[in-house]
Amino acid sequence: MSHLIDEVIYMKDVMDEKYKKEYETLIRYIESDYPESLDGRFAGMVVNSNRVLFANSPEGIKVKWIILEDNALNVNIRVDPGIRIDTPVHLCFGILNKIGKQKINMDIEVGKDSVVKFVSHCIFPNSVDISHLMDARIHLHPGARMEYHEVHIHGKSGHITLVPSGKVRVDAGAEFKSYFTLKSGIAGDVDIDYEISIYDDAVCFLESKIHGREKDKIKIKESVFLKGNNSKGIIKTRVVLRDYSFGDITGEIIGEGDNSKGHVDCMEVVFDNAVAKASPIVFAKNPKSKVTHEAAIGSIDRKQLITLMARGLSEEEAIDIIVGGLLR
Amino acid sequence: MFFISFLDLPIMLSLKKFKVMRGGKEIVKGIDCDFHRGQIHVILGANGSGKTTMANGMIGIYPSQGKVILDGVDISDFTIYNRAKMGLTIAFQEPARFEGLTVKDYLLISSKDKSIHDVESALKMVGLPKHILYQEMDESLSGGERKRVELAAVYLMKPKYAILDEPDSGIDVRSFRKIADIILALRDSGAGVILITHSQEMISLGDVATIMADGRIVGRGDPTEIRELFLNSPCPI
């Protein structure tokens, strides 16, 4: 049996007590960055496990969701054409329980010439065995501009399986920017798999910053297809690996359109017994396309380290500053 | 070999039988040299004469033999960090790039007093606009801007002795005066400055000059005279 909830706006005041408590617990993790979230005056939605605790759509955005029989949550977000949303739309997907599975199917459509920014927090603070599976379908219509910031807040122990995947279509003249950040807590088993198709004069920028520790396994595969003429794509990845963590990063850009340009920029900094693998793939299917790459794996940059030590920082302090900068 | 005795200022930094090896080869070959408080000491020498290697050895980047004595303390076995804490630092010829670190972050890290007011003043001294504080220390800064930020960082550390390795290279002519001003301000603050340079204008800032060739000191004296010796010597110095 599934439930269809269409364009319902839940304000904090009308939540039942149980939901209110969950809402407030989740929101506490982000209130320092987004103080407006605490009193429910923001646009977006808050989900614990598969329960939508809060949703609020600003004018020009329609949010719908449905819970499927397998407890997956389908979320459908439509941004009307010609709309400019000045304040970020907040999405908060958390699991407060120690054990749980969250499956989100996200469908975002941004209308022609619209501008929108999403800030998505994924909060798993008490993880013993948590799975978060996100499958996104994103479509930017011609001239649209969308930023998607995904920030993960994880607990310091336990096991988390993180599988964000998706397909993005960036129509002519549109601009898609994605920022994925996982810096605090245990990363877990991370398997990111995104495929982005970019059409004429469109632009795509993907940035991932992850800090792996202990036995974290971080796998990222991002593929950008420069299908259109004058399309541009950049994949930037920064991964810091410590202890026994493992990183396997593939950034792939395929140039198909005339004068399309792409660049893969991957850096993995490795400490202790961590292991890193980087595979930048550049493929020009069109002689008028230009795709380039740079990949660096290794310990901390010695010149940076020496410079900071010559400024009076200890080696440990200098490493913290350099790593903090890479992941900033 | 020249030697002109003109110094009444106290010795702040000394090298005793100082050697630096690189790749199994002795690059700096047993130097004895004193550097005085509140003095700009120019180091001249042809490419490959050992100037930068000596500087890097002095601050502990390269392993060395002999002694480095700063303000009466033998710092020969100190780490780079401990030498910096003691007051010996360097502005590198090629400053590092830092991703995610703004000019403001970098200057505050360097500043002894962690004062944003001092940071802004130092930036002004090297002729950089205030908005550059919020730029990252990466490719978004030109080479010349990075070098000026580096000098501001050294100034903010309030060192006892600063080694400036070709601080004017890559600097446009209009900014030269600013570079000169901050070097003079360092000296006026009581610090000593070792100024490695090839530029005539920079040499003219010096109180004393030393000339190096093949890892050795081959002359010392008035900067103008030493420069003439350097330019006119038939030997490869």
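Preceding this section is the structure that the text describes.
Scope of this entry: the structure provided in the associated data block. Keep in mind that what you see is a predicted model, and the values were worked out from it rather than measured.

Focus on the overall build of chain A
Then step 1. Looking only at helices and strands, chain A has three helices and 20 strands in total.
Then step 2. A compact globule built from 328 residues would reach a C-alpha radius of gyration of about 20 Å, and chain A, at 20 Å, matches this within 12%.
Then step 3. Overall size of chain A, expressed as C-alpha extent along the three principal axes, is 55 × 50 × 40 Å.
Then step 4. Positive and negative side-chain charges of chain A, numbering 43 and 49 respectively, have mean locations separated by a distance of 2 Å.

Thoughts on empty space enclosed by the protein
Empty space among the atoms becomes apparent when a probe as large as a water molecule is rolled across them.
Then step 1. Within this structure, the stated rule accounts for two cavities of 30 Å³ or more.
Then step 2. Considering only enclosed or pocket space, the largest cavity measures out at about 180 Å³ in volume.
Then step 3. Lining the largest cavity we find 16 residues, and of these A:Tyr148, A:Glu150, A:Ser178, A:Phe180 and A:Tyr194 sit closest to its centre.
Then step 4. For the lining of the largest cavity, the elements supplying multiple residues, two or more each, are β7 (99-110), β9 (129-140), β10 (145-154), β12 (175-184), β13 (189-198) and β14 (203-212) of chain A.
Then step 5. Residues of the lining of the largest cavity, tallied by class, amount to twelve nonpolar, two polar and two charged.
Then step 6. In this structure, the second largest cavity encloses a volume near 40 Å³.
Then step 7. Lining of the second largest cavity is provided by B:Ala91, B:Phe92, B:Lys147, B:Glu150, B:Leu151, B:Asp165, B:Glu166 and B:Pro167.
Then step 8. No other element matches helix α5 (residues 143-156) of chain B, which puts three residues into the lining of the second largest cavity.
Then step 9. By residue class, the composition of the lining of the second largest cavity is four nonpolar, no polar and four charged.

Quick word on the packing of α5(B) against helix α6 (residues 173-188) of chain B
All names here are of chain B.
Then step 1. Interhelical geometry of α5 versus α6 gives an angle of 15° and a closest axis separation of 10 Å. One finds that α5 runs roughly parallel with respect to α6. By crossing handedness, the relation of α5 to α6 is classed as left-handed. Between α5 and α6, the contacting residues are Arg148, Leu151, Ala152, Val154 and Tyr155 on the first element and Ser175, Ile179, Ile182, Ala185 and Leu186 on the second.
Then step 2. The class makeup of the residues in the contact of α5 with α6 is eight nonpolar, one polar and one charged.

Digging into the packing of aromatic side chains
Then step 1. The final tally for this structure, using the stated rule, is five aromatic pairs over all chains.
Then step 2. When the centroid spacing of 5.5 Å and the interplanar angle of 45° are considered together, the rings of A:Tyr23 and A:Phe54 count as tilted. On the criterion of sequence distance, the pair formed by A:Tyr23 in helix α1 (residues 17-28) and A:Phe54 in strand β3 (residues 51-56) is long-range, its members being 31 residues apart. Just as A:Tyr23 is buried, A:Phe54 falls in that class too.
Then step 3. Consider the rings of B:Phe35 and B:Tyr161, whose centres lie 6.1 Å apart with planes at 65°: the pair is edge-to-face. Remark: B:Tyr161 occurs in strand β7 (residues 161-165) and B:Phe35 occurs in strand β2 (residues 25-36); sequence separation between them is 126 residues.

So, the interface of chain B and chain A
Then step 1. In this complex, chain B contributes 27 residues to the contact, which on the side of chain A involves 20 residues.
Then step 2. A combined buried area of about 1,900 Å² lies between chain B and chain A, and 61% of that area is made up of carbon and sulfur atoms.
Then step 3. Three residues stand out in chain B for area buried against chain A, namely B:Tyr81, B:Glu99 and B:Ile109, and they jointly supply 32% of the buried area on that side.
Then step 4. Taken together, the connections running from chain B to chain A amount to four salt bridges.
Then step 5. When the shortest N-O distance is used, the salt bridge between A:Arg238 and B:Glu99 registers 2.6 Å.
Then step 6. Looking at the side of chain B that touches chain A, the elements with two or more residues in it are α2 (80-86), β6 (88-91), α3 (103-110) and α5 of chain B.
Then step 7. Tallied by class, the residues present in the side of chain B that touches chain A amount to 17 nonpolar, four polar and six charged.

Some remarks on the side chain of B:His41
All names here are of chain B.
Then step 1. By secondary structure assignment, the location of His41 is in strand β3 (residues 40-45).
Then step 2. Within polar-contact distance, the side chain of His41 engages the side chain of Thr210 at 2.6 Å.
Then step 3. Among all residues touching His41, those that are not within four sequence positions of it are Cys33, Asp34, Phe35, Val193, Ile194, Leu195, Val208, Ala209, Thr210 and Arg220.

Description of the layout of surface pockets
Then step 1. Taken as a whole, the largest pocket holds about 780 Å³ of empty space.
Then step 2. Looking at the largest pocket, it is lined by 39 residues, and the ones nearest its centre are A:Arg238, A:Met267, A:Gln304, B:Glu99 and B:Glu139.
Then step 3. Among the secondary structure elements, those contributing two or more residues to the lining of the largest pocket are β14, β16 (232-241), β18 (261-270), β20 (290-298), α2 (302-310) and α3 (315-327) of chain A.
Then step 4. Examining the composition of the lining of the largest pocket, we find that six residues originate from one element, β18(A), more than from any other.
Then step 5. The computed volume of the second largest pocket comes to approximately 290 Å³.
Then step 6. Of all the elements in the fold, those that place two or more residues in the lining of the second largest pocket are α2 and α3 of chain B.
Then step 7. Residue contributions to the lining of the second largest pocket peak at three residues, all from α2(B).

A word on the pattern of salt bridges
Then step 1. Taken as a whole and judged by the stated rule, the model has 29 salt bridges over all chains.
Then step 2. With a closest N to O distance of 3.1 Å, A:Arg78 and A:Glu109 form a salt bridge. Placement of A:Arg78 in strand β5 (residues 73-79) and of A:Glu109 in strand β7 is noted, with a sequence separation of 31 residues between them.
Then step 3. Classification of A:Arg78 as partly exposed rests on a relative accessible area of 26%.
Then step 4. The partly exposed category is assigned to A:Glu109, whose relative accessible area is 24%.
Then step 5. Where B:Lys29 meets B:Asp214, a salt bridge forms, and the shortest distance between an N and an O atom there is 2.9 Å. With a gap of 185 residues between them, B:Lys29 in strand β2 and B:Asp214 in the loop between β9 (208-213) and β10 (216-221) connect regions that are remote in the sequence.

Examining a negative patch on the surface
Then step 1. Negative charge collects at one region of the surface, where A:Glu315, A:Glu316, A:Glu317 and A:Asp320 lie side by side.
Then step 2. Position of A:Glu317 relative to the elements: it lies in helix α3.

Comments concerning the environment of A:Gly44
All names here are of chain A.
Then step 1. Looking at the secondary structure, you find Gly44 in strand β2 (residues 44-48).
Then step 2. Separated by 191 residues in sequence, Gly44 and Ile235 have C-alpha atoms that sit 27 Å apart.
Then step 3. Gly44 has contacts with Phe54, Ala55, Asn56, Val89 and His90, leaving out every residue within four places of it along the chain.

The rules we used
- Numbering of residues starts from 1 in every chain and runs along the sequence as written.
- Chains carry letters and ligands carry numbers; both start at the beginning, A for chains and 1 for ligands, and go up in the order they are written.
- pLDDT decides what is reported in this predicted model: residues at 70 or higher carry local features, side-chain atom pairs at 80 or more are listed and counted, and totals for whole chains, interfaces and linings draw on all residues regardless.
- The basis for every side-chain value is the complete set of non-hydrogen atoms in the structure, without hydrogens or water.
- Every helix listed is a DSSP run of H or I at least four residues long, and every strand listed is a run of E at least two residues long, numbered separately from the N terminus.
- Radius of gyration: C-alpha atoms only; globule rule: 2.2 Å multiplied by the number of residues to the exponent 0.38.
- Counting rule applied: Lys, Arg positive; Asp, Glu negative; His and chain ends not counted.
- Here the site of a charge means atom NZ of a Lys, CZ of an Arg, CG of an Asp or CD of a Glu.
- The distinction between a cavity and a pocket rests on a 1 Å grid over the protein atoms alone: a 1.4 Å probe fits inside a cavity but cannot get out, while a pocket stays open yet meets protein on both sides within 12 Å along at least five of seven lines, and a residue with an atom within 4 Å of a point counts as lining.
- Grid points are joined across faces, edges and corners, and a volume is the space filled by probe spheres set on the points.
- Polar here means any residue other than Ala, Val, Leu, Ile, Met, Phe, Trp, Tyr, Cys and Pro, which are nonpolar, and Asp, Glu, Lys and Arg, which are charged; Gly is therefore polar.
- A fitted line through C-alpha atoms represents every axis, and for helices the fit uses only the stretch in contact; the resulting angles, taken between N-to-C directions, go from 0 to 180 degrees.
- Angle categories: roughly parallel below 35 degrees, roughly antiparallel above 145, roughly perpendicular from 65 to 115, and oblique for all the rest.
- What makes a crossing left-handed is the near helix being turned counterclockwise from the far one by less than a right angle; a clockwise turn instead makes it right-handed.
- Contacts: residue pairs with any heavy atoms within 4.5 Å of one another.
- Only the six-membered ring of Trp is used, alongside the rings of Phe and Tyr, when aromatic pairs are assigned; centres must lie within 6.5 Å, and planes under 30 degrees apart are stacked while those over 60 apart are edge-to-face, with the rest tilted.
- Each residue's exposure class comes from its accessible area (1.4 Å probe, protein chains only) as a fraction of the maximum for that residue type: buried when under 20%, exposed when over 50%, partly exposed otherwise.
- Accessible area that two parts lose when put together, with a 1.4 Å probe and added across both, is what the buried area reports.
- For this analysis, a salt bridge means a side-chain nitrogen from Lys or Arg found within 4 Å of a carboxyl oxygen belonging to Asp or Glu.
- As used in this structure description, the phrase polar contact means that two N or O atoms lie within 3.5 Å; if the pair is within protein, one of them must be able to donate a hydrogen and the other to accept it, and residues adjacent in sequence are counted only when both atoms belong to side chains.
- Only residues whose relative accessible area exceeds 30% and that form no salt bridge are eligible for patches; like-charged ones are grouped when within 9 Å, while nonpolar side chains (Val, Leu, Ile, Met, Phe, Trp, Tyr) are grouped when within 5 Å.
- Using a 1.4 Å probe, the Shrake-Rupley method yields the accessible areas, and only the shown protein chains count as cover for residues.

By themselves, these are just geometric observations and shouldn't be taken as functional.
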